[in-house]
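Structural overview for review
Take a look at the letters that make up each chain.
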Amino acid sequence: MNRPTDDLGTRSDTSRAVAFSDAVLAIIITLLVVDLRVPDVPPGRLLSGLLEQWPGYAAYLASYAYVAVVWLNHKSAFNRIKESDRGLHWVNLFILFSTALLPFPTAVVSAALQEHNQQDQRVAVAFYALVGALLCASWLAFFHYLARRKDLLREEVSERHFPVERVRAFVGIILYVAAGLIGYLLAPLAGLAIFVVLPVFYAVTSAGLHQVPLTRRITHRPPPPH
């Protein structure tokens, strides 16, 4: 006879969480393009009007790349998870919540850069950095939860994987805060440049920080002879 269990209804496979997350991320990445509009210019000035919207293209590129990297990291993480529980669902929803905010600061940055008001540009870049730091904080909570709940992971997953992944998330928080401070106090475009570069770091390390060739060489380097 099966014994009663408190886990009934709180654990499940990851298929529903992955399908729901994929749908949300697909909607978010589609909404980013809504801010790109046909310029309202007189006849004969379409080319210049399109070129003047370059801040919108830069903001779209940064946010699109970031959502794409979120999807890659999300897929990589859930490939290592055998089942979900209530806590994992909540930290996953935190990731989706913070990612869903991205279209808003993207539109704010695009509008501020096109209006050429220095103070508004500083505020817009700082606001984008705040949302970026929040997104990294959601990943930090996600990785921290999995680092403590090894029973949710597949047997072949290294015990070091998710503890090390917390470093990636923490680095993102620091860099977004730095980008916000640089953009607000020094130069908005410098902060924007960091926003564009940051997704590259997360794309390169999407399979895990310990999977990066340089990191693997360092961690697997034989001890020096005595």
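Described in the following lines is the structure provided in the data block. (Residues numbered from 1 in each chain as written. Predicted model: local features only at pLDDT ≥ 70, side-chain atom pairs only at ≥ 80, totals over all residues. Heavy atoms only, no water.)

What follows concerns the nonpolar core. Within soluble globular proteins, side chains that are nonpolar generally end up buried alongside one another. With 49 residues, the main nonpolar core has Leu88, Trp139, Phe142, Phe162, Tyr176 and Phe195 as its most contacted residues. Contributions of two or more residues to this core are made by helix 1 (15–31), helix 3 (54–78), helix 4 (86–100), helix 5 (103–115), helix 6 (118–148), helix 7 (161–185) and helix 8 (188–204). With 13 residues, the single largest contributor to this core is helix 6. Setting aside anything within four residues of it in sequence, one finds Trp139 in contact with Val70, Asn73, His74, Ile95 and Ala169. (Core = buried A, V, L, I, M, F, W, Y, C linked by side-chain atoms within 4.5 Å. Buried < 20%, exposed > 50% of the residue type's maximum accessible area, 1.4 Å probe, protein only. Helix = DSSP H or I, 4+ residues; strand = E, 2+ residues; numbered from the N terminus. Contact = heavy atoms within 4.5 Å.)

This part takes up the pattern of salt bridges. Per the stated rule, a full pass over the model turns up four salt bridges. As a salt-bridge pair, Arg45 and Glu52 come within 3.9 Å of each other at their nearest N and O atoms. With its nearest N and O atoms 2.6 Å apart, the salt bridge here joins Arg168 to Glu165. Placement of both Arg168 and Glu165 in helix 7 is noted, with a separation of three residues, approximately one turn of the helix. With respect to class, Arg168 is no different from Glu165; both count as buried. Taken together, the shared-partner salt bridges in this structure form one network comprising Asp85, Arg149 and Asp151. (Salt bridge = Lys/Arg side-chain N within 4 Å of Asp/Glu carboxyl O.)

Where nonpolar side chains cluster on the molecular surface, the patch consists of Val38, Leu46, Leu50, Trp54, Tyr57 and Leu189 and spans about 590 Å² of accessible area. Following the sequence through the fold, Tyr57 ends up in helix 3. On the basis of relative accessibility, which here comes to 33%, the residue Tyr57 falls in the partly exposed class. (Patch = residues over 30% accessible without salt bridge, like charges linked within 9 Å, V, L, I, M, F, W, Y side chains within 5 Å. Areas by Shrake-Rupley, 256 points an atom, 1.4 Å probe, with all protein chains shown as cover.)

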